[in-house]
Amino acid sequence: MGSGRGLLEVAREKMRARHFAFRTEQAYLHWIRRYVKFHHRRHPRQMGARELELFLTHLAVDCHVSASTQNQSLQALLFLYRQVLDIDLPWLENVTRARRPKRLPVVLTAAEVRSVLAQLDGAPWLVANLLYGSGLRLMEALRLRVKDVVIERQELIVRDAKGGRDRVTILPSSLLDALRAHLSELHLRFNRQRTAGEAGVSLPGALALKFPNYAKQWGWQYLFTADSLCRDVYTGQQVRHHIHEKSMQRAVQLAVRKVGIAQPASCHTFRHSFATHLLEAGCDIRTIQELLGHSDVRATMIYTHVLGKGAMGVKSPLDRTL
C-alpha cells in the first residue's frame, strides 16, 4: 500500500516533531495500520466519524480490549485526522465503550518485600530497591541518568515521566552507600569506553541531533547501562542504551516464585507497596501524590482502600461486640 506507507511516514514525522516517546510513536502507528486494514485498506481521507466509531466498537465488542487500550487507539486516530490529515471530526457519539474494571493493586507486606529483594543481586537488586524505596515505575528507574541522582539532597529527578512531566522523589538513605559504589564502578567503565573510543549513550528526541556530544558526557550516562550496543531509532547510529526492562521483569518474577508469594506480584508491585506503606506510616496523601507523580489525587486514593482506612475502613459491629 504505497499511500499507506506515505501516510505512516508523515505521521511519524509529525510525532517526532512533537517529541512523542518512541513507544507512543510505535503504538500510534500500530493503530493507524489496524484501522486502515479493518476498513479493507481504504485511505483515511475517504472515511470519517462513522468508520472510526465502527472500528472502536469492534475493538470493544469483538476484540474485548480494555478501556485504556480502546482509548489509546482513539487518541492515535484523532491524531491522524487532526494533525496529519488536518480533518476535524465531529463528536463521536455511537461508540460502544470498553468497560474499565475496578481492580485493587497488588501490595506486598514489608516482610514480603524484604524477602523478594533478598533474592536479587547486582543491578536488578538496586533497581528493585529504587522501585520500592522511591516509588518509581520500572521505565522511570531504567531511564535514570547520572545527573538525575542528587545524593547530597537525597533526591531523584524523574524526567519526562508519564504525562510528560518531571518530578522529584526521595532517595532512601539506606541506598546511598550502594549507589556511591555503583556510580564509582560506572565511572571507571565510562572512562574505559571513552579511552577506547566507543559510542555514547542514546539521547531523548531531538537532543541526539542538536547536542550529539551529550552522549559522551558523564552526566548523561544511564545509571543502568546495557552491556552491548544497539542501533538508535532516531539517528540510526550505534549507541549504548539502558538495560532492557524484560531482564528486570524476569528477575523479579523469578524472585517472587522463589519466596513462594501467591499474589501476581511484579516490578510495579514495588511502587504500589511504596505508596501503601507510606500511608501506613502516617504520610500525608498529598505528599504521596507528588512523590508518585499522579496528576489527580483520586488516583492516589486507591491505596486508602488497600490499606483499609478509606471509605471501607470501618470496624464491623460484630468485631466490636466480640
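Residues numbered from 1 in each chain as written. Predicted model: local features only at pLDDT ≥ 70, side-chain atom pairs only at ≥ 80, totals over all residues. Heavy atoms only, no water.

Description of the overall build of the chain
Turning to step 1, where the next piece is worked out: Summing up its helical and strand segments, the chain has 14 helices and five strands in all.
Turning to step 2, where the next piece is worked out: Taken along the three principal axes of its C-alpha coordinates, the chain extends 75 × 60 × 35 Å.
Turning to step 3, where the next piece is worked out: Considering the chain as a whole, with its 322 residues, one finds that 43% of them fall into the buried category.
Turning to step 4, where the next piece is worked out: Put simply, 61% of the contacts in the chain that link residues at least 6 apart link residues at least 24 apart.
Turning to step 5, where the next piece is worked out: With an accessible surface of roughly 18,200 Å², the chain has 51% of that area assigned to carbon and sulfur atoms.
Turning to step 6, where the next piece is worked out: Distance between charge centres in the chain, computed from 47 positive and 28 negative side chains, equals 4 Å. (Helix = DSSP H or I, 4+ residues; strand = E, 2+ residues; numbered from the N terminus. Buried < 20%, exposed > 50% of the residue type's maximum accessible area, 1.4 Å probe, protein only. Contact = heavy atoms within 4.5 Å. Areas by Shrake-Rupley, 256 points an atom, 1.4 Å probe, with all protein chains shown as cover. Lys, Arg positive; Asp, Glu negative; His and termini not counted. Charge placed at Lys NZ, Arg CZ, Asp CG, Glu CD.)

What about helix α12 (residues 285-292)?
Helical geometry: 3.6 residues make up each α-helical turn, so side chains three or four residues apart lie on a common side.
Turning to step 1, where the next piece is worked out: When we look at burial in α12, the residues that qualify are Ile285, Ile288, Gln289, Leu291 and Leu292. Looking straight down α12, one finds its buried side chains confined to an arc of 165°; they lie on one side. Along α12, exposed side chains directed more than 90 degrees from the buried face belong to Arg286 and Glu290.
Turning to step 2, where the next piece is worked out: With a side-chain oxygen positioned 2.9 Å from the backbone nitrogen of arginine 286, the residue opening α12 is aspartate 284. (Arc of directions from axis to C-beta. Polar contact = N/O pair within 3.5 Å; in protein donor to acceptor, adjacent residues only side chain to side chain.)

Regarding the pattern of salt bridges
Turning to step 1, where the next piece is worked out: Across all of its chains, the model carries 15 salt bridges by this definition.
Turning to step 2, where the next piece is worked out: Close ionic contact of arginine 167 with glutamate 140 constitutes a salt bridge, the shortest N to O distance being 2.9 Å. Of this pair, arginine 167 sits in strand β3 (residues 167-170) while glutamate 140 sits in helix α7 (residues 138-142), placing them 27 residues apart in sequence. Across the pair, glutamate 140 and arginine 167 agree in class, each one buried.
Turning to step 3, where the next piece is worked out: The partner of arginine 153 in a salt bridge is glutamate 155, with the nearest N and O atoms 3.1 Å apart.
Turning to step 4, where the next piece is worked out: Judged by its relative accessible area of 53%, arginine 153 falls in the exposed class.
Turning to step 5, where the next piece is worked out: Each of the salt bridges in this network shares a partner with another, and the network as a whole consists of Glu9, Arg12, Arg16 and Glu25. (Salt bridge = Lys/Arg side-chain N within 4 Å of Asp/Glu carboxyl O.)

Structural notes on the packing of aromatic side chains
Turning to step 1, where the next piece is worked out: Applying the stated criterion across every chain, the model contains 10 aromatic pairs.
Turning to step 2, where the next piece is worked out: Measuring from centroid to centroid gives 5.6 Å for tyrosine 35 and phenylalanine 55, while their planes differ by 70°, and the two rings are edge-to-face. Residue tyrosine 35 is located in helix α2 (residues 22-38), and its partner phenylalanine 55 is located in helix α3 (residues 49-61); the two are separated by 20 residues in the primary sequence. Just as tyrosine 35 is buried, phenylalanine 55 falls in that class too.
Turning to step 3, where the next piece is worked out: An aromatic cluster is built from Trp31, Tyr35, Phe38, Phe55 and Tyr81, whose rings are joined through pairwise contacts.
Turning to step 4, where the next piece is worked out: The positively charged end of arginine 145 is found above the aromatic ring belonging to tyrosine 222, 4.1 Å away from the centroid.
Turning to step 5, where the next piece is worked out: Sitting above the plane of the tryptophan 220 ring, lysine 147 keeps its charged end 4.3 Å from the centroid. (Phe/Tyr/Trp six-rings, centres within 6.5 Å; stacked < 30°, edge-to-face > 60°. Lys NZ or Arg CZ within 6 Å of the ring centre and 35° of its normal.)

Here we look at the confidence of the model for the chain
Turning to step 1, where the next piece is worked out: When pLDDT is averaged across the chain, the result is 89; 93% of the residues are at 70 or more.
Turning to step 2, where the next piece is worked out: By mean pLDDT, the top-scoring element of the chain is helix α10 (residues 245-259) (97), and the lowest-scoring one is helix α14 (residues 317-321) (58). (pLDDT = per-residue confidence, 0-100.)

Some remarks on the environment of leucine 223
Turning to step 1, where the next piece is worked out: Counting through the fold element by element, leucine 223 comes out in the loop between α9 (207-210) and β4 (225-231).
Turning to step 2, where the next piece is worked out: With relative accessibility at 0%, the residue leucine 223 sits in the buried group.
Turning to step 3, where the next piece is worked out: Along the chain, leucine 223 and valine 297 lie 74 residues apart, while their C-alpha atoms are 30 Å from each other.
Turning to step 4, where the next piece is worked out: When sequence neighbours within four positions are dropped, the list of residues in contact with leucine 223 reads Leu130, Leu144, Arg145, Val149, Leu179, His182, Leu183 and Leu186.

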